[in-house]
Amino acid sequence: MKVFQTLAAFSAVIASAEAFAPSANLSSRVSTSLNMEAEIQFVKGLKEKVVPDIKLTRAVDGSSGIATFKFANPNVFDASTASQGEITGLYLVDEEGEMSTSDVNANFVNGKPQSIDATLVMMSPAEWDRFMRFMERYGEANGLGFNKA
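Cut-offs applied
- Residues numbered from 1 in each chain as written.
- Predicted model: local features only at pLDDT ≥ 70, side-chain atom pairs only at ≥ 80, totals over all residues.
- Heavy atoms only, no water.
- Helix = DSSP H or I, 4+ residues; strand = E, 2+ residues; numbered from the N terminus.
- Contact = heavy atoms within 4.5 Å.
- Expected span 1.5 Å × (residues − 1).
- Buried < 20%, exposed > 50% of the residue type's maximum accessible area, 1.4 Å probe, protein only.
- Pairing = 2+ DSSP bridges.
- Axes fitted to C-alpha atoms, helices over the stretch in contact; angles between N-to-C directions.
- Salt bridge = Lys/Arg side-chain N within 4 Å of Asp/Glu carboxyl O.

Chemist: Help me understand the environment of glycine 65 in this model?
Modeler: Tracing the sequence through the fold places glycine 65 in strand S4 (residues 65-72). Taking the C-alpha atoms as reference, glycine 65 lies 9.9 Å from phenylalanine 131; in sequence the two are 66 residues apart. When neighbours within four sequence positions are excluded, glycine 65 is seen to be in contact with Thr57, Arg58, Leu120, Val121, Met122 and Trp128.

Chemist: Any chance you could explain helix H3 (residues 125-142) here in plain terms?
Modeler: Two residues of an α-helix separated by three or four positions point the same way, owing to the 3.6 residues in each turn. When the terminal C-alpha atoms of H3 are compared, their 25 Å separation across 18 residues agrees well with the 26 Å that a helix rising 1.5 Å per residue should span. Where H3 is concerned, the buried positions are Trp128, Arg130, Phe131, Phe134, Met135, Tyr138 and Gly139.

Chemist: What is the right way to look at the sheet that holds strand S2 (residues 46-47) in this model?
Modeler: Within a sheet, adjacent strands bond to each other through the backbone by hydrogen bonds, running parallel or antiparallel. Pairing within the open sheet is antiparallel, and its 4 strands lie in the order S2-S1-S5-S6. The outermost strands of the open sheet, each flanked by one partner alone, are S2 and strand S6 (97-101). As paired elements, strand S1 (residues 39-43) and S2 share 2 bridges and run antiparallel to each other. Looking at the pairing, glutamine 41 lines up with lysine 47 of S2. Seen against the sheet, H3 touches S1, strand S5 (90-94) and S6 and runs at an angle of roughly 75° to S5.

Chemist: Sorry, what's going on with the sheet that holds S4 here?
Modeler: Ordered in space as S3-S4-S8-S7, the 4 strands form an open sheet in which the pairing is antiparallel. A strand with exactly one partner marks an edge of an open sheet, and here the two such strands are strand S3 (53-58) and strand S7 (104-109). Pairs of neighbouring strands in the sheet enclose a mean axial angle of 15°, with direction left out of account. As paired elements, S4 and strand S8 (residues 112-122) share 8 bridges and run antiparallel to each other. In the strand pairing of S8, threonine 68 is matched with threonine 119. Sheet strands touched by H3: S3, S4 and S8. Its angle to S3, the strand with the most contacts, is close to 155°.

Chemist: Hey, could you run me through the pairing of S6 in this one?
Modeler: Looking along a regular strand, one sees side chains alternate from face to face of the sheet. Note that S5 and S6 share 5 bridges and pair antiparallel. In the strand pairing of S6, leucine 92 is matched with methionine 99. Between S5 and S6, which pair antiparallel one after the other, the connecting turn spans 2 residues.

Chemist: What's the story with the pattern of salt bridges in this structure? I'm lost.
Modeler: Any two side chains of opposite charge can pair, on the condition that their charged atoms come close. Per the stated rule, a full pass over the model turns up 9 salt bridges. The salt bridge partner of glutamate 96 is arginine 130, with a shortest N-O separation of 3.6 Å. With glutamate 96 in the loop between S5 and S6 and arginine 130 in helix H3, this pair connects stretches of sequence that are 34 residues apart. The exposure class assigned to glutamate 96 is partly exposed, which follows from its relative accessible area of 37%. You can call arginine 130 buried: its relative accessible area is 12%.

In structure tokens, the structure reads:
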């Protein structure tokens, strides 16, 4: 009887472990996400084609940082993209996932939108590192470099 209880318990552990095991098609999901290019979006799913001017500041102790983005005449203002949706934030999307901020402001001249300013606040060294990994990917995808001030 003791052997039967042990086997039953072992079978239950194996069955529950299988529920958390990778599915057979894991490799196709991973390879798809690894091929994803880093991109910036204002409307989810709509890639912003204009490359922004980005300024970074970081606390002396490295505990926090701020990235300020300035987009001159972004394509999200184009009439052809109006049907895609409204600006809901700034989304930095890459193979690791998404970072976002709702601190987004449009600038108008003579009643017409000209630029967008956005601020992303990073409250920990881990968030800063994650942002820098995104920027490396975004820079590679858009032929950009990094210049220290």
